[in-house]
Amino acid sequence: MEKIDGFEIYENKQSPRIINIDIGDEILNKLIFPFNKFDITALEYKPFTRFTIAKSLDDLSNNKLSKLINKIIRDRNTGCFIIKPKNLISKIDDSFLVKLSTAVAHLIGNPNHDAMAGKYYARFHVKHEDRSDSYLRKAYKNMDLHTDGTYVKEKTDWLLMSKIEEKNVEGGETAMLHLDDWEHCDELFNDPVGKEDFLWGSPKSKNIDYKVEHPVFSSDKDGRAQISYIDQFPEPKNMKQGTFLQKLSDSLEESNKKIITKLPVGSSVVANNYFWLHGRKAFKEHKDLSRELLRIRGSFFIN
């Protein structure tokens, strides 16, 4: 396993495909000053400041961190890492975690504009009561396995999800599945219906006023399966597409290869969006339940 001073790097207990990266206290303390140079508004309004804090993080690893995470995220055998502070020292607040997430993302690529929030990232709460129009905020429903960016025109190569805070939470574990571990991948990938164009829309809260068409499955340069799918947003054109989607949904949710993991506050899961699916288990009911998440998703740097 790669060695970087100040970082602890090791395989995740539940899957060797996921690499854990814990940031030591010394590195965290050294990030305080460069992170404090910019407030959140500066990061939102001046995109180049996001690269400045990303470079501050990478410099503290002697520029090894960027090489490592790009290798992980692009490698079909892994494609996912979880990066977090080893300890939540007192100086780590929600602003620090937004900046840390921003820095990590900008070592991988350019974020898409997140229309739901109108920024390069979205922050949102999951609470006891909910009137939203998608599963994203519905605490007591499973959020089934899916990929991001299914209903937008932008290329979505990767996604980052950070846990900013949580209170009175039981349940709500993260679910993940790598396509190459999925028992039904070959069967569904080779079904010609999955290569047809499907129509994809989105609810009003997403602030997208168009629909897109694309297949569920495509192939990478080596002919291996890639997927773009979420259960709520496809609009089947006929019975054949509708029954295919039901079969796909059932076989994903029934998979014995799903990884279920509970992530501490401060964790960021970063995954390749072509061959990793992600979801969330339902929470146990609690009237004071609260979890805040941050999402960034985007494309790889071309150079």
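Above this text sits the structure in question.
Just so we're clear, the structure is a prediction, and the values are computed from it rather than from any experiment.

Draft legend 1. Here's a closer look at the sheet that holds strand E6 (residues 143-146). Within the open sheet, the four strands sit side by side as E6-E16-E8-E14. Their pairing is antiparallel. Every interior strand has two partners, whereas the edge strands, E6 and strand E14 (259-261), have only one. Averaged over all neighbouring strand pairs, the angle between strand axes comes to 15°, with direction disregarded. With five bridges joining them, strand E8 (residues 174-178) and strand E16 (residues 276-280) adopt antiparallel strand pairing. Of the residues in E16, the one forming a bridge with Thr-174 is Arg-280. Running over the sheet, helix H7 (residues 239-253) touches E6, E8 and E16 and is turned about 100° from E6.

Draft legend 2. Expanded view of the packing of aromatic side chains. Evaluated as defined, the whole model comprises seven aromatic pairs. When the ring of Tyr-120 is compared with that of Tyr-121, the centres are 4.8 Å apart and the planes differ by 70°; the resulting orientation is edge-to-face. Grouping residues by exposure puts Tyr-120 and Tyr-121 together as buried. Consider the rings of Phe-198 and Phe-244, whose centres lie 6.2 Å apart with planes at 40°: the pair is tilted. Of this pair, Phe-198 sits in strand E9 (residues 198-200) while Phe-244 sits in helix H7, placing them 46 residues apart in sequence. Neither residue differs from the other here; Phe-198 and Phe-244 are each classed as buried. Aromatic ring contacts, followed pair by pair, group Phe-198, Trp-200 and Phe-244 into a single cluster.

Draft legend 3. Highlighting the pattern of salt bridges. A complete count under the given rule lists 25 salt bridges for this structure. In this structure, the salt-bridge partner of Lys-284 is Glu-170, at a minimum N-O distance of 3.6 Å. In this pair, Lys-284 sits in the loop between E16 and strand E17 (290-300) while Glu-170 sits in the loop between strand E7 (158-167) and E8, placing the two residues 114 residues apart along the sequence. Taking the relative accessible area as the measure of exposure, Lys-284 reaches 49% and is therefore partly exposed.

Rules of the game
Residues numbered from 1 in each chain as written. Predicted model: local features only at pLDDT ≥ 70, side-chain atom pairs only at ≥ 80, totals over all residues. Heavy atoms only, no water. Pairing = 2+ DSSP bridges. Helix = DSSP H or I, 4+ residues; strand = E, 2+ residues; numbered from the N terminus. Axes fitted to C-alpha atoms, helices over the stretch in contact; angles between N-to-C directions. Contact = heavy atoms within 4.5 Å. Phe/Tyr/Trp six-rings, centres within 6.5 Å; stacked < 30°, edge-to-face > 60°. Buried < 20%, exposed > 50% of the residue type's maximum accessible area, 1.4 Å probe, protein only. Salt bridge = Lys/Arg side-chain N within 4 Å of Asp/Glu carboxyl O.

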